[in-house]
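Chain and residue survey
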Amino acid sequence: TRSFTDPSVSMDLLRAVLQPSINEEIRGIFNKYMKFFQTAAINVRDNVGEEVDPEQLIQETCRSCLEQAKLLFSDGKKVVPRLPHEQAVPKRARQMDEELNRRGSPVPKKRKGRPPGQSLSNDRGISGMAAWKLKVSEPVKRDGPKWDPSRLTETTTFVLGSRANKALGMGGTRGRLYIKHPHLFKYAADPQDKHWLTEQQHMRAIGGKMAYLLIEEDIRDLAASEDYRDSVDLRLEELKPFIPPAWMTEKMQKHMETLRRGGDVPAPEDPPE
């Protein structure tokens, strides 16, 4: 049993007290750079296709940033492995990086010019991003009546994510709906689900691409909200709702319950196209 005179216990108690303030400052740093992550994730989605989830891509990138930041406090024994594309960094650049790490200097000297957090209104793809800025440290709330699995019954109607994007006027950038509204329930169809959807002509055969299902009621609630109701791009006739079979609804109930409890979502069985 450790006593409170143990140095590691004492330091961890101090860390626990300071952690909320540290988290807030880290959140502020990530929010400075979020517009760059968002633009890059959307570009990846447009170039690669439906199987890319921009929200997940941004979260993974932020986690990777934190992992690499651990190098600043490396004791020389435990080193965070670098990603494959970082192995080719020139020797001089690596030496400078290691020198900064040894000195414990996480930030180089400030340069004159435009700070990362300022508006980049002339940069391609940035305009309008601030309106749906994702806060990296803000947890997605999955509670309340909309996240009650009992609301999914054998008569609940669903729509495809691609159709929901079009209906709300975001058809040109299919992943935008999921980033702008991360609190929406969405279900990634597995191969069995896709087979049924294709047979019933709700969607075309899309190979290994991802297909998301959303609750029609949630999308119509969004359409009636202040953000969308006066939009000239609103096309609710694009929704084409349908009622899935009972076995698929049951899977979605379990998926919702897993998410509500903060559990991990299993990886899709389909490979990327």
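Within each chain, residues carry numbers counting from 1 in the order of the written sequence. Under the rules for a predicted model, residues below a pLDDT of 70 receive no local features and side-chain atom pairs below 80 are neither given nor counted, while totals for whole chains, interfaces and linings still include all residues. Note that water and hydrogens are dropped before the side-chain values are worked out from all heavy atoms of the structure.

**Quick look at empty space enclosed by the protein**
Basically, it comes down to this: In this analysis a 1.4 Å probe is tested at points of a 1 Å grid over the protein atoms alone, and where it fits but cannot get out there is a cavity; an open set with protein on both sides within 12 Å along at least five of seven lines is a pocket; lining residues have an atom within 4 Å of a point. Grid points are joined across faces, edges and corners, and a volume is the space filled by probe spheres set on the points. Polar here means any residue outside two lists: the nonpolar Ala, Val, Leu, Ile, Met, Phe, Trp, Tyr, Cys and Pro, and the charged Asp, Glu, Lys and Arg; Gly therefore counts as polar.
Taken as a whole and assessed by the stated rule, the structure comprises one cavity of 30 Å³ or more. By volume, the largest cavity is sized at about 30 Å³. Along the walls of the largest cavity sit Glu55, Tyr178, His181, Pro182, Leu184, Lys186 and Leu214, which together make up its complete lining. Partitioned by chemical class, the residues of the lining of the largest cavity number four nonpolar, one polar and two charged.

**Description of the sheet that holds strand β2 (residues 186–188)**
Rule in force here: Strands were regarded as paired on the criterion that DSSP finds at least two bridges between them. Labels follow the DSSP assignment, with helices taken as runs of H or I lasting at least four residues and strands as runs of E lasting at least two, numbered in each case from the N terminus. Orientation is described by lines fitted to C-alpha atoms, with helices fitted over the stretch in contact, and by angles between N-to-C directions that extend from 0 to 180 degrees. Note on contacts: a residue pair is in contact if any heavy atoms of the two residues lie within 4.5 Å.
Spatially, three strands are ordered β1-β3-β2 in an open sheet, and the strand pairing comes out antiparallel. Each of the sheet's edge strands pairs with one partner strand only, and the pair in question is β1 (158–160) and β2. Within this sheet the neighbouring strands show an average axis-to-axis angle of 30°, counted without direction. Most of the contacts of helix α7 (residues 216–223) go to strand β3 (residues 212–215), to which it runs at about 65°, and overall it touches β1 and β3.

**Here's the deal with the confidence of the model for the protein**
Going by this rule: Per residue, pLDDT captures the predictor's confidence, and it can take any value from 0 to 100.
The predicted model of the protein has a mean per-residue pLDDT of 75, with 68% of residues at 70 or higher. This model gives residues 105–137 a pLDDT under 50, and the stretch forms 45 contacts once residues within four places in sequence are excluded. Between residues 266–273, whose pLDDT stays under 50, and residues either more than four places distant or in other chains, the model counts 13 contacts.

**Remarks on the packing of aromatic side chains**
The cut-off we apply is this: Only Phe, Tyr and Trp rings take part, Trp by its six-membered ring, and two of them pair if their centres are within 6.5 Å. Stacked means planes under 30 degrees apart, edge-to-face means over 60, and tilted covers everything else. Burial classes follow relative accessibility: with a 1.4 Å probe on protein chains only, a residue under 20% of its type's maximum area counts as buried, one over 50% as exposed, and anything between as partly exposed.
Evaluation of the coordinates by the stated rule reveals four aromatic pairs. Taking the centre distance of 6.2 Å and the plane angle of 50° together, the rings of Trp196 and Phe242 count as tilted. Separated by 46 residues along the polypeptide, Trp196 in helix α6 (residues 191–199) and Phe242 in the loop between α7 and α8 (246–260) bring together distant segments of the chain. Across the pair, exposure class does not vary: Trp196 and Phe242 are buried alike.

**Here's the deal with the packing of α6 against α8**
Which entries qualify depends on this criterion: By definition in this entry, angles of less than 35 degrees are roughly parallel, angles greater than 145 are roughly antiparallel, angles of 65 to 115 are roughly perpendicular, and the rest are oblique. Each crossing gets its handedness from the near helix: less than a right angle anticlockwise from the far helix is left-handed, clockwise is right-handed.
Orientation of α6 relative to α8, taken along the N-to-C sense of each, is 140°, at an axis distance of 11 Å. With respect to their mutual orientation, α6 and α8 come out oblique. Every pair of crossing elements has a handedness; the one defined by α6 and α8 is left-handed. When α6 is examined against α8, the residues Gln192, Asp193 and Trp196 are found in contact with a partner set consisting of Trp247, Met248 and Lys251.

**Observations regarding the nonpolar core**
For soluble globular proteins, the rule of thumb is that nonpolar side chains tend to be buried together. Let me state the cut-off plainly: Nonpolar core, defined: a set of buried Ala, Val, Leu, Ile, Met, Phe, Trp, Tyr and Cys residues in which side-chain atoms within 4.5 Å join the residues together.
Leu152, Phe158, Phe185, Leu197, Leu213, Phe242 and Met252 are the most contacted members of the largest nonpolar core, which has 18 residues in total. At the level of elements, β1, α6, β3 and α8 are the ones that each hand at least two residues to this core. For this core, the leading source of residues is α8, giving four residues. Of all hydrophobic cores here, the second largest spans 16 residues; its members include Ala167, Met170, Tyr212 and Leu222.

**As for helix α1 (residues 7–48)**
Going by this rule: Given the number of residues in a helix, its expected span is that number minus one, multiplied by 1.5 Å. The angle between axes fitted to the seven-residue stretch ending at a residue and the seven-residue stretch beginning at it gives the bend at that residue.
Look at α1: only 51 Å from first C-alpha to last across 42 residues, short of the 62 Å you get at 1.5 Å a residue. Taken as a whole, α1 carries its principal kink of about 50° at Tyr33. Every buried residue belonging to α1 is among Val9, Phe30, Asn31, Met34, Lys35, Gln38, Thr39, Ala41, Ile42 and Arg45, and all of these are buried. Summarising the contacts, the buried residues of α1 are in contact with α2 (54–69) and α5 (176–180). Positive backbone phi, approximately 130°, marks Gly49, located one or two places after α1.

**Comments concerning the packing of α1 against α2**
Viewed as axis vectors pointing N to C, α1 and α2 meet at an angle of 135°, and their least axial separation amounts to 9 Å. When the axes of α1 and α2 are compared, the pair comes out oblique. At the point where α1 passes α2, the crossing takes the right-handed sense. Residues Ile26, Phe30, Met34, Phe37, Gln38, Ala41, Ile42, Val44 and Arg45 of α1 touch α2, and the partners they reach there are Pro54, Leu57, Ile58, Thr61, Cys62, Cys65 and Leu66. Residues of the contact of α1 with α2, tallied by class, amount to 13 nonpolar, two polar and one charged.

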